[in-house]
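Analysis of the macromolecular model
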Amino acid sequence: MRPVTDPVARAPDGSGARLHRAVYVDRDGTVNPDLRYLADASRLEVYLGVAEAIRLLRAHGYKVVCVTNQSGVERGYYTTEDVERIHRRVNEILRPQGAEIDAFYYCPHAPASDCPCRKPRTGLFERAERELHLARRGSAVIGDRVLDIEAGERLGLLTVLVASPGHEEAVRQEVAARGVTPDLTAPSMRAAAARLLAIG
Ligand SMILES: [Mg+2]
Ligand SMILES: [Zn+2]
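Residues numbered from 1 in each chain as written. Chains lettered and ligands numbered in written order. Predicted model: local features only at pLDDT ≥ 70, side-chain atom pairs only at ≥ 80, totals over all residues.

**Side note on the overall build of the chain**
Within the chain, the secondary structure is distributed over 7 helices and 6 strands. Helices (α) and strands (β) of the chain occur, in sequence order from the N terminus, as β-α-β-α-α-β-α-β-α-β-α-β-α. Computed over the C-alpha atoms, the radius of gyration of the chain is 16 Å, within 12% of the 16 Å expected from 2.2 N^0.38 for a compact globule of 200 residues. Taken along its principal axes, the extent of the C-alpha atoms in the chain is 50 × 35 × 35 Å. Looking at the 200 residues of the chain, the share that counts as buried comes to 34%. (Helix = DSSP H or I, 4+ residues; strand = E, 2+ residues; numbered from the N terminus. Rg over C-alpha atoms; globule rule 2.2 N^0.38 Å. Buried ≥ 20, exposed ≤ 12 C-beta atoms within 10 Å, placed from the backbone.)

**Quick notes on unusual backbone geometry**
Following Lys119, the chain continues to Pro120 via a peptide bond in cis, the omega torsion being 15°. Inspection of the secondary structure assignment puts Pro120 in the loop between strand S3 (103-107) and helix H4 (123-132). The phi angle at Arg36 is positive, at roughly 60°, despite the residue not being glycine. Mapped onto the secondary structure, Arg36 falls in the loop between strand S1 (22-25) and helix H1 (50-59).

**With respect to the nonpolar core**
Core analysis: the largest hydrophobic core is formed by 45 residues, its most contacted members being Val23, Tyr24, Val25, Ala140, Ile142, Met189 and Ala192. Here the element with the most residues in this core is H1; it accounts for 5 residues. (Core = buried A, V, L, I, M, F, W, Y, C linked by C-beta atoms within 7 Å.)

Spelled out as structure tokens, the structure:
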């Protein structure tokens, strides 16, 4: 059991703000089926069990933060307004089920831009840490692709790879090619949340 005198982690900016643990979740293939450059929020579906996972994590004190690569913006397939509409729609679907994603961060750039925010780079995670007062220790990342796991490894987060329907072979190849080892694997986000809480 954790001693009651356990010091509370505080923000490094001297503000005294209390730090929260976070679970960073990928979007496409993790929260919702990956429809490849989805532009139209009305086509969005959220996987079964995601609401329950988020509800559980938040009930245990985690902030749930979505971090997603949306290169379709720079590629010209959709706009930032489309992306933000989809993010509002995710929470519209989740809220009646008692769940909500605390914040969404997305990279709008194509890989050729070599930006610091596209996963597996960690710019968006670091921004979320600053803006939302998130601790690194005790935080985790859940995603369906190796770039999610790689970003988590770079930050020293606990990493959970969830099944990626339709991309199983690609993921196996990515894991082998990049030499990345997720801490946990799970068939779904709900199972990932249960495993995290079991060891947390
Ligand atoms: Mg994904
Ligand atoms: Zn970017």
